[in-house]
Amino acid sequence: MILNFKTQSLDLATPRIMGILNVTPDSFSDGGEHNTVATAIDHAAKMIAEGADIIDIGGESTRPFATPLSTTQELERVIPVVEALHARFATPLSLDTSTPEVMRAGIAAGADMINDARALQRPGALAMAASLHVPVCLMHSQGEPQQMQVSPHYIHCPAEVTHFLLARAAQCEQAGIARDQLILDPGFGFGKRVQHNYELLASLEHLCTLGYPVLIGLSRKSMIGKVIDAPQVHDRIAASAAAAMLCVERGARIVRVHDVAVTKQMLQVLQAVQNAKKALEVACS
């Protein structure tokens, strides 16, 4: 699978790391740490040096019970950072946004793709994304951040998530977004209980066989913290990297993470194991 941006391409035969850059005061893990242009540049530079293949820039927190943001506020947070990073780095930039006006301004400022936690369901988002001709990641969420964790309910979570994502992908293709420009994200932690999240992880291989590259984002999330009894997000780093490796082993092509260096090491070990397995298969054939 090849992800084609406007000026470059990314071969997803090699699993890729998307570094999280939240330019927000209220994100669940790193709110307020990178919400100036200078600190955002420094953190992006660090992640790129550690091996990030994409930098994902978000100006609106989508954590549970997050306060909604105006379009003007989101533009003021995101666009200066996109412009600064585009001027300094060749690494592709992703826009973590659901807002059509931010999509248009962000791509014009130098971003390369859209990562939408609402799967282009806001009014005007689908038409806007189709007009921009960039890769788009569609994420599943049951409800809006303000109420998604109040009482999430599924009869069969993996099947319902897959059905939603395939339906949204079909609508995107009908709207003019090329199939090879679509990425699917099952939305770990978005309107899901702990059990739902691990059902998704256990069955992830099926989603990864449906012809679309799969992006996963479970870095530092409560689904990790509750299993390892780590209420503090910075105590979830190693377990998050291990979970990312499990997702890649099941077929995920992009992992969205806070901690690039440790994730890179985990994926290098996995790659060494997979290379050794292929060598054994050739030797025994």
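Residues numbered from 1 in each chain as written. Predicted model: local features only at pLDDT ≥ 70, side-chain atom pairs only at ≥ 80, totals over all residues. Heavy atoms only, no water.

- The name recorded for the protein in an unreviewed UniProt entry is Dihydropteroate synthase, from Candidatus Anaerobiospirillum merdipullorum.
- In its Function (unreviewed entry) section, the UniProt entry covering the protein states "Catalyzes the condensation of para-aminobenzoate (pABA) with 6-hydroxymethyl-7,8-dihydropterin diphosphate (DHPt-PP) to form 7,8-dihydropteroate (H2Pte), the immediate precursor of folate derivatives."
- Note on the protein: under the UniProt heading Pathway (unreviewed entry), the record states "Cofactor biosynthesis; tetrahydrofolate biosynthesis; 7,8-dihydrofolate from 2-amino-4-hydroxy-6-hydroxymethyl-7,8-dihydropteridine diphosphate and 4-aminobenzoate: step 1/2." (UniProt positions renumbered as here; feature names shortened; annotations may be inferred.)

Looking at the overall build of the protein
And step 1. Counting its secondary structure elements, the protein contains 10 helices and 10 strands.
And step 2. Relative to the 2.2 N^0.38 estimate, which gives 19 Å for 285 residues, the radius of gyration of the protein is 18 Å and therefore close to what a compact globule would have.
And step 3. Taken over the C-alpha atoms alone, the protein extends approximately 60 × 45 × 40 Å along its principal axes.
And step 4. Within the protein, buried positions represent 52% of all 285 residues.
And step 5. Across the protein, contacts joining residues at least 24 apart in sequence account for 68% of those joining residues at least 6 apart. (Helix = DSSP H or I, 4+ residues; strand = E, 2+ residues; numbered from the N terminus. Rg over C-alpha atoms; globule rule 2.2 N^0.38 Å. Buried < 20%, exposed > 50% of the residue type's maximum accessible area, 1.4 Å probe, protein only. Contact = heavy atoms within 4.5 Å.)

Quick notes on helix α1 (residues 37-50)
Every α-helix winds through 3.6 residues per turn, so residues three or four apart in the chain are directed the same way.
And step 1. With 14 residues, α1 extends 20 Å from end C-alpha to end C-alpha; this agrees with the ideal 20 Å at 1.5 Å per step.
And step 2. Of the residues making up α1, those classed as buried are A40, I41, H43, A44 and M47.
And step 3. One or two steps after α1, the chain reaches G51, where phi turns positive at roughly 120 degrees. (Expected span 1.5 Å × (residues − 1).)

Describing the sheet that holds strand β6 (residues 113-116)
And step 1. Spatial strand order, β8-β7-β6-β5-β4-β3-β10-β9: eight strands in an open sheet with parallel pairing. Edge positions in the open sheet fall to β8 (182-185) and β9 (215-216), since each of these has one partner strand only.
And step 2. Sheet strands in contact with α1 are β3 (16-22) and β4 (54-58), and its direction is about 165 degrees off that of β3. (Pairing = 2+ DSSP bridges. Axes fitted to C-alpha atoms, helices over the stretch in contact; angles between N-to-C directions.)

Structural notes on the pattern of salt bridges
And step 1. Scanning the model with the defined rule gives eight salt bridges in all.
And step 2. When the shortest N-O distance is used, the salt bridge between E50 and K46 registers 2.8 Å. Taken together, the residues span about one helical turn, with E50 and K46 both in helix α1 at a distance of four residues.
And step 3. Using a relative accessible area of 23% as the deciding quantity, one classes E50 as partly exposed.
And step 4. Linking R256 and D96 is a salt bridge whose minimum nitrogen-to-oxygen distance equals 3.1 Å. Here R256 is found in strand β10 (residues 254-257), whereas its partner D96 is found in strand β5 (residues 93-96), with 160 residues between them in sequence.
And step 5. Judged by relative accessible area, which is 15%, R256 ranks as buried.
And step 6. Taken together, the shared-partner salt bridges in this structure form one network comprising D56, D96 and R256. (Salt bridge = Lys/Arg side-chain N within 4 Å of Asp/Glu carboxyl O.)

Structural notes on the environment of T7
And step 1. Looking at the element boundaries, T7 is found in the loop between β1 (2-4) and β2 (9-11).
And step 2. Remark: the alpha-carbon pair of T7 and A90, spanning 83 residues in sequence, is separated by 9.8 Å.

A short note on the packing of helix α5 (residues 157-175) against helix α6 (residues 194-202)
And step 1. Contact pair α5 / α6: the axes reach a minimum separation of 8 Å and the direction vectors enclose 70 degrees. One way to sum up the angle between α5 and α6 is to call them roughly perpendicular. On the side of α5, the interface is formed by C157, P158 and V161, while α6 contributes H196, E199 and L200.
And step 2. Tallied by class, residues from the contact of α5 with α6 come to four nonpolar, one polar and one charged. (Parallel < 35°, antiparallel > 145°, perpendicular 65-115°, else oblique. Nonpolar A, V, L, I, M, F, W, Y, C, P; charged D, E, K, R; others polar.)

Some details on the nonpolar core
And step 1. If you look at the biggest cluster of nonpolar residues, it comprises 66 residues, and the most contacted ones within it are L21, I57, L85, L120, L138 and I216.
And step 2. Of all hydrophobic cores here, the second largest spans 11 residues; its members include M18, I54, C137 and I183. (Core = buried A, V, L, I, M, F, W, Y, C linked by side-chain atoms within 4.5 Å.)

Thoughts on the packing of aromatic side chains
And step 1. For the coordinates displayed, the defined rule picks out zero aromatic pairs.
And step 2. It is R179 that lies over the ring of Y212; its NZ or CZ is 4.2 Å from the centre. (Phe/Tyr/Trp six-rings, centres within 6.5 Å; stacked < 30°, edge-to-face > 60°. Lys NZ or Arg CZ within 6 Å of the ring centre and 35° of its normal.)

What to know about the pairing of β8
And step 1. By the alternation rule, side chains of β8 split into L182 and L184 and I183 and D185, which are all buried.
And step 2. As paired strands, strand β7 (residues 136-139) and β8 are joined by four bridges and run parallel to one another. Counted as the bridge partner of C137 is I183 from β8.

Examining the pairing of β3
And step 1. Burial within β3 is extensive, with seven of its seven residues counted as buried.
And step 2. Of the two faces of β3, both are covered, the one formed by R16, M18, I20 and N22 as well as the one formed by I17, G19 and L21.
And step 3. Pairing analysis gives five bridges linking β3 to β4, with the strands arranged parallel. Residue pairing for β4: N22 is matched across the bridge by G58.

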